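This is what each chain is made of:
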Amino acid sequence: MTSSIREWLNLLVRWFHVFAAIMWVGQTYYFTWLDGQFGKLANKTAGDGVSSSVWMVHSGGFYTVDKQKSLSVGPKQVHWFRWEALMTWLSGMVLLVLVYYSSSGLIDTDVANISQGAGIAIGLAVLAGGWIIYDVAALSPLGRTEGMFAVFSLLMIAVLAWGLTHVFSGRAAYIHVGAVLGTIMTANVWFRILPSQRKMIAAAAARSAFDASLGAQAKLRSKHNTFIAVPVVFIMISNHFPVATYGNTYGWEVLVGLVLLGWAAAKLIREA
């Protein structure tokens, strides 16, 4: 592959990746905001004369949204939001191959004198291992305690960031932390949220009871994704600021600090 073809491919895939991410994260925050609005409405009594619908204005009209506990239409008429997450992750993996796995950007011999093959194996292992550790923790009693789970997650990110900066180049270490977080977000959608939604739709269509714990777990994973998204976006643009981020003497500490800052920003956005 010539350098010109590689650059055009990199540009086009990155364009696709960023746009898919915009659609995915935008939908995630939109439905998080909607859920918060319905929570506020639920705290008001019907006697207040407050509508149970959420009213919005956009472009050339007014829109109203109602939250239902059952289906009044057939399952095939229910719109799913699922492909944006998968397209974001797949295009991100293509970029990982183009920029790091098929080039010299992955290894820095001044950091660790390992082969390209060993570096790729480590990179793929942390993607899979990161999801497994997160998922087991989220399903455990730890996942039901927000504060403790946040502390655990920050410690795991710190360990990951420290470890990768001692194996990869600084830029590759940052991107792999972002790739682990992006993999967790995508796996949340496809392995935890969508299966619960399928069961919820099937139960509603059959007019049978739905296991509330499945819906609770899906909602928890969606909430986690809103907190993960902000640091991931930061990591996506960090390669443009090497002095402040991965090239800094305290590169991994800066990354952990900005993850924490991203969580704080996400909390403010969720409560807005």
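Predicted model only: the values in this text are computed from it and were never measured.

> I tried to follow the overall build of the protein chain on my own but got confused; where do I start?
From N to C terminus, the protein chain includes seven helices and two strands. Going residue by residue from the N terminus, the α and β elements of the protein chain occur as α-β-β-α-α-α-α-α-α. Viewed in the frame of its principal axes, the protein chain has a C-alpha envelope of about 70 × 40 × 35 Å. Counting across all 272 residues of the protein chain, residues that qualify as buried make up 37%.

> Sorry if this is basic, but what is going on with the environment of tyrosine 174 here?
On the secondary structure map, tyrosine 174 appears in helix H5 (residues 170-205). Considered as a pair, tyrosine 174 and serine 91 are 83 residues apart in the sequence and their alpha carbons are 18 Å apart. In terms of polar contacts, tyrosine 174 uses its side chain to reach the backbone amide nitrogen of leucine 255, at 3.4 Å.

> What is the right way to look at unusual backbone geometry in this model?
Excluding glycine, a negative phi dihedral is what most residues carry, and trans is how most peptide bonds are arranged. For serine 59, which is not glycine, the phi dihedral falls at a positive 55 degrees. Tracing the backbone through its elements, the reader meets serine 59 in the loop between strand E1 (54-58) and strand E2 (61-65). On the accessibility criterion, serine 59 (68% relative accessible area) is exposed. Even without a glycine there, the phi angle at arginine 207 is positive, about 55 degrees. On the secondary structure map, arginine 207 appears in the loop between H5 and helix H6 (212-238). Under the relative-accessibility criterion, arginine 207 is labelled exposed at 61%.

> What exactly am I supposed to notice about the pattern of salt bridges here?
Once the charged atoms of two side chains with opposite charge are near each other, the side chains can pair. Under the definition given, this model contains six salt bridges. A salt bridge links arginine 192 to aspartate 135; the nearest nitrogen and oxygen atoms lie 2.6 Å apart. Here arginine 192, found in helix H5, pairs with aspartate 135, found in helix H3 (residues 116-139); they are 57 residues apart in sequence, far enough to count as distant. We classify arginine 192 as partly exposed; its relative accessible area is 26%. Here glutamate 146 ties to lysine 223 by a salt bridge, and the two come within 2.4 Å at their closest N and O atoms. Of this pair, glutamate 146 sits in helix H4 (residues 146-165) while lysine 223 sits in helix H6, placing them 77 residues apart in sequence. By relative accessible area, glutamate 146 is classed as partly exposed at 48%. A relative accessible area of 24% means that lysine 223 is categorised as partly exposed. When salt bridges that share partners are traced, they join Asp35, Lys67 and Lys219 into one network.

> Would you mind going over the packing of aromatic side chains with me for this structure?
A ring pair, where both rings are aromatic, is described by two values, the distance of the centres and the angle of the planes. One pass over the full model with this rule turns up eight aromatic pairs. With a centroid separation of 6.3 Å and an interplanar angle of 40 degrees, the aromatic rings of phenylalanine 149 and phenylalanine 152 are classed as tilted. Placement of the pair is phenylalanine 149 and phenylalanine 152 together in helix H4, with a separation of three residues, close to one helical turn. Geometry around tryptophan 80 places arginine 82 over its ring, the cationic atom sitting 5.0 Å from the centre.

> I'm lost on the pairing of E2 in this one. Help?
For a regular strand, the rule is simple: side chains alternate between the two faces of the sheet. As paired elements, E1 and E2 share five bridges and run antiparallel to each other. From the neighbouring strand, methionine 56 faces E2, where its bridge partner is tyrosine 63.

> Explain the packing of H5 against H6 to me, please; I cannot follow it from the model alone.
Between two packed helices, both the angle of their axes relative to each other and the distance between the axes serve to describe the pair. Contact geometry of H5 with H6 gives a least axis separation of 8 Å together with a crossing angle of 155 degrees. For the element pair H5 / H6, the angle class is roughly antiparallel. Two packed elements cross with a definite hand, and for H5 against H6 that hand is left-handed.

> Honestly, the packing of helix H1 (residues 3-42) against H6 in this entry has me stumped. Any pointers?
Contact geometry of H1 with H6 gives a least axis separation of 10 Å together with a crossing angle of 140 degrees. What the angle tells us is that H1 and H6 run oblique. Here H1 and H6 pass one another in a crossing that is left-handed. Contacts between H1 and H6 pair His17, Val18, Trp24, Val25, Thr28, Tyr29, Thr32 and Asp35 from the former with Lys219, Ser222, Asn225, Thr226, Ala229, Val230 and Met236 from the latter. For the contact of H1 with H6, the class distribution of residues is seven nonpolar, six polar and two charged.

Cut-offs used in this document
Residues numbered from 1 in each chain as written. Predicted model: local features only at pLDDT ≥ 70, side-chain atom pairs only at ≥ 80, totals over all residues. Heavy atoms only, no water. Helix = DSSP H or I, 4+ residues; strand = E, 2+ residues; numbered from the N terminus. Buried < 20%, exposed > 50% of the residue type's maximum accessible area, 1.4 Å probe, protein only. Polar contact = N/O pair within 3.5 Å; in protein donor to acceptor, adjacent residues only side chain to side chain. Salt bridge = Lys/Arg side-chain N within 4 Å of Asp/Glu carboxyl O. Phe/Tyr/Trp six-rings, centres within 6.5 Å; stacked < 30°, edge-to-face > 60°. Lys NZ or Arg CZ within 6 Å of the ring centre and 35° of its normal. Pairing = 2+ DSSP bridges. Axes fitted to C-alpha atoms, helices over the stretch in contact; angles between N-to-C directions. Parallel < 35°, antiparallel > 145°, perpendicular 65-115°, else oblique. Left-handed = near helix turned anticlockwise from the far one by under 90°. Contact = heavy atoms within 4.5 Å. Nonpolar A, V, L, I, M, F, W, Y, C, P; charged D, E, K, R; others polar.

These figures come from the coordinates and say nothing about function on their own.
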